[in-house]
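What the coordinates show
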Amino acid sequence: MLRNIFKKRRFLLMKHLTKSLLSSLFIFSVGNLITKGIQFLLLPLYTSQLTPQVYGAVEIWAGTAELFSPIAILGIHEALFRFAVQREEPQKTFTVGISVGLFGESVWLVCMLLFWKVYRPGNYFFLFVALVVFTGIRVSVSQFMRGMGWAGRFTAAGVCQAVSLAVFQFVLLPRFGGQGYLTALFLSQLAGACAAVGLGKLWNDWKPGLVWKDSLSKELSCQMLFYALPVIPAAFLLQLTNLSGRYLVLWFCGEEQAGFYTSAAKIGAAVRMAVGIFQQAWQYIVSLGWKENNKNSYFPAVFRLYSGGLFLGGGILIFCLPLVQRFLLKGAFQEAGKYLPLVAAAAVFQGYSVYFSAFYLAERKTGGLFRSAAICLGAFLAAGFAFVPVFRVWGVLIAGIVSNIIMVIFRAFGSRKWMPLGKSLWGGVFLGILFLGQAVIASCPVDDSFQLGVQIVLFLMSLLFAGGWMLHGKFDIKR
């Protein structure tokens, strides 16, 4: 009888997690498609109004701001999400987390002021500083909302930020060029932060006096920092890996090729957008209490569905890239179209690590994320410096794929102690190999009909394998 009660309880819990995952995926899908879709559709405006040199320069400033934003807020956005999921004194969690983030940004502003007085950097510097500050505020507030389970309000705030970005870019970019581009970015971040505070009515949760008067709040701030600080170098290194390609191309190939590479990298941002939909929902579900289900088939089943969906979706994207190239890349930027398949492949493999990284966050073992990100960056730089002088931009693309595959392997094997996938893992390996083959063939300068034929064969093999493997676990390799 106790066994039947346990089975029923486990079934109901799995049903609840599945329902929560699907509802979160739907809400985040709608929000991300609108939010990231607007940003993606702005690319023709950028490539028509800016030269490759200017666009490459401002994108490096914007990417660098994204790189330093988690450092300025001491990585507290990750702690705000993780501690908000627990629903233990959310008002105190919000107040302490935001206070820590604002303290970090105050230190950041002082450091940047001293840097400016000593080095007197260029015209974009203060726009870069503003972008770092407002990005940190928006991300912190939004992550608290997501941890509280307010998926609808979290999504609505993101849509407000994207719409404001489009408005500011259409107004400022044609008139002010590169400066208008960066100004529109930080103003949209400010608008997104205001929208998040308004939709969540978070002014009711802001009690700064708690930080100084309550000893438990000081203890909570230490706990949040202990959780968040390892995430800072991990996020920094992962962002640095994504940005290093631009720097390598700039150093070895010049500003024009850097502009081409940056425009092609937008397809990688689109892939990360799609992966981000799953990541937002998956981290929330895992953090809710995955330990109660780690001996049943729920999580391996999600792994099979995610693996198949990711690699099959990536294969379909490879087929569609010629259309994407015609629509998004204008004028001289058409030259960047040949880089799109391998850029997409690197982003897909980076997105594959999302499934495994959620377990590190749920277990609060964020040091493992740092180690894997460090290994990924080291592999990227080693491969980049080896290949770029010889293969030019292609060397960066090869380095990106190799480094992201290494990170997936590290996180997959590292997470086995919490969530062993067993034989299901090898099915994902097989689909990854087929997808990589399709991306490589799409990048080869061979006859179009032969290229398309090989791609179709590889994709059909993936489709036939995934059909039985995703739903029923067939074809799993026995150990």
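Model, not experiment: these values are computed from the prediction. (Residues numbered from 1 in each chain as written. Predicted model: local features only at pLDDT ≥ 70, side-chain atom pairs only at ≥ 80, totals over all residues. Heavy atoms only, no water.)

1. Observations regarding the overall build of the protein chain
- Broken down by element type, the protein chain carries 18 helices and zero strands.
- Looking at the protein chain as a whole, 55% of its 479 residues are labelled buried.
- A total accessible area of about 21300 Å² is found for the protein chain, and carbon and sulfur atoms account for 69% of it. (Helix = DSSP H or I, 4+ residues; strand = E, 2+ residues; numbered from the N terminus. Buried < 20%, exposed > 50% of the residue type's maximum accessible area, 1.4 Å probe, protein only. Areas by Shrake-Rupley, 256 points an atom, 1.4 Å probe, with all protein chains shown as cover.)

2. A closer look at the packing of aromatic side chains
- Summed over all chains, the structure comprises 28 aromatic pairs.
- With centroids separated by 6.0 Å and ring planes inclined at 55°, the aromatic side chains of phenylalanine 349 and phenylalanine 435 adopt a geometry described as tilted. Taken together, the positions of phenylalanine 349 in helix α13 (residues 340–352) and phenylalanine 435 in helix α17 (residues 424–443) put the pair 86 residues apart, joining distant regions of the chain. For the residue pair phenylalanine 349 and phenylalanine 435, the accessibility class agrees, reading buried in each case.
- Following the ring pairs from residue to residue traces out a cluster consisting of Trp61, Phe68, Trp108, Phe115, Trp116, Tyr124, Phe125, Phe126 and Phe128. (Phe/Tyr/Trp six-rings, centres within 6.5 Å; stacked < 30°, edge-to-face > 60°.)

3. Re the confidence of the model for the protein chain
- Looking at the protein chain as a whole, its pLDDT mean stands at 77, while 81% of the residues score no less than 70.
- Note on residues 1–13: pLDDT under 50 across the span, and five contacts to partners over four residues away in sequence or across chains. (pLDDT = per-residue confidence, 0-100. Contact = heavy atoms within 4.5 Å.)

4. Comments concerning the packing of helix α6 (residues 125–147) against helix α7 (residues 151–200)
- Relative to each other, α6 and α7 sit at 20°, their axes nearing to 8 Å. If you check the angle between α6 and α7, you find them roughly parallel. The handedness of the crossing between α6 and α7 comes out as left-handed.
- Its residues assigned to classes, the contact of α6 with α7 comprises 15 nonpolar, nine polar and three charged. (Axes fitted to C-alpha atoms, helices over the stretch in contact; angles between N-to-C directions. Parallel < 35°, antiparallel > 145°, perpendicular 65-115°, else oblique. Left-handed = near helix turned anticlockwise from the far one by under 90°. Nonpolar A, V, L, I, M, F, W, Y, C, P; charged D, E, K, R; others polar.)

5. Considering α7
- Taking 1.5 Å of rise per residue, 50 residues should cover 74 Å, yet α7 covers just 11 Å from first to last C-alpha, more than 12% shy of that figure.
- A maximum bend of about 150° is found in α7 at phenylalanine 176.
- Downstream of α7 by a residue or two, lysine 201 has a phi angle that is positive, lying close to 50°. (Expected span 1.5 Å × (residues − 1). Bend = angle between axes of the 7 residues up to and from the residue.)

6. Overview of the environment of arginine 411
- Within the secondary structure, arginine 411 sits in helix α16 (residues 393–414).
- With residues up to four places along the chain from it excluded, the contact list for arginine 411 reads Ser353, Phe356, Ser357, Tyr360, Leu369, Ser372 and Ala373.

7. Focus: the packing of helix α15 (residues 366–391) against α16
- Between α15 and α16, the shortest axis-to-axis distance is 7 Å and the interhelical angle comes to 155°. Considered as vectors, α15 and α16 are oriented roughly antiparallel to each other. Where α15 crosses over α16, the two elements pack in a sense that is right-handed.

8. Some details on a nonpolar patch on the surface
- Residues Ile375, Val390, Phe391, Ile398, Val402 and Ile406 make up a contiguous nonpolar surface patch of about 460 Å² in total accessible area.
- If you list the elements that add at least two residues to the nonpolar patch, you get α15 and α16.
- As for its position among the elements, valine 390 is in helix α15.
- With a relative accessible area of 57%, valine 390 lands in the exposed category. (Patch = residues over 30% accessible without salt bridge, like charges linked within 9 Å, V, L, I, M, F, W, Y side chains within 5 Å. Salt bridge = Lys/Arg side-chain N within 4 Å of Asp/Glu carboxyl O.)

9. Description of the side chain of serine 443
- By the element assignment, serine 443 lies in helix α17.
- A residue is classified by how much of its surface remains accessible, and serine 443, at 15% relative accessible area, is buried.
- Excluding residues that lie within four positions of it along the chain, serine 443 makes contacts with Pro341, Leu342, Trp394 and Gln451.

10. Here we look at the environment of lysine 92
- Mapped onto the fold, lysine 92 is located in helix α5 (residues 90–119).
- Sequence separation between lysine 92 and serine 221 is 129 residues, and the spatial gap between their C-alpha atoms is 9.7 Å.

11. Looking at helix α4 (residues 76–85)
- With respect to burial, α4 is a largely interior element, ten of its ten residues being buried.
- Those residues of α4 lying buried are Ile76, His77, Glu78, Ala79, Leu80, Phe81, Arg82, Phe83, Ala84 and Val85.

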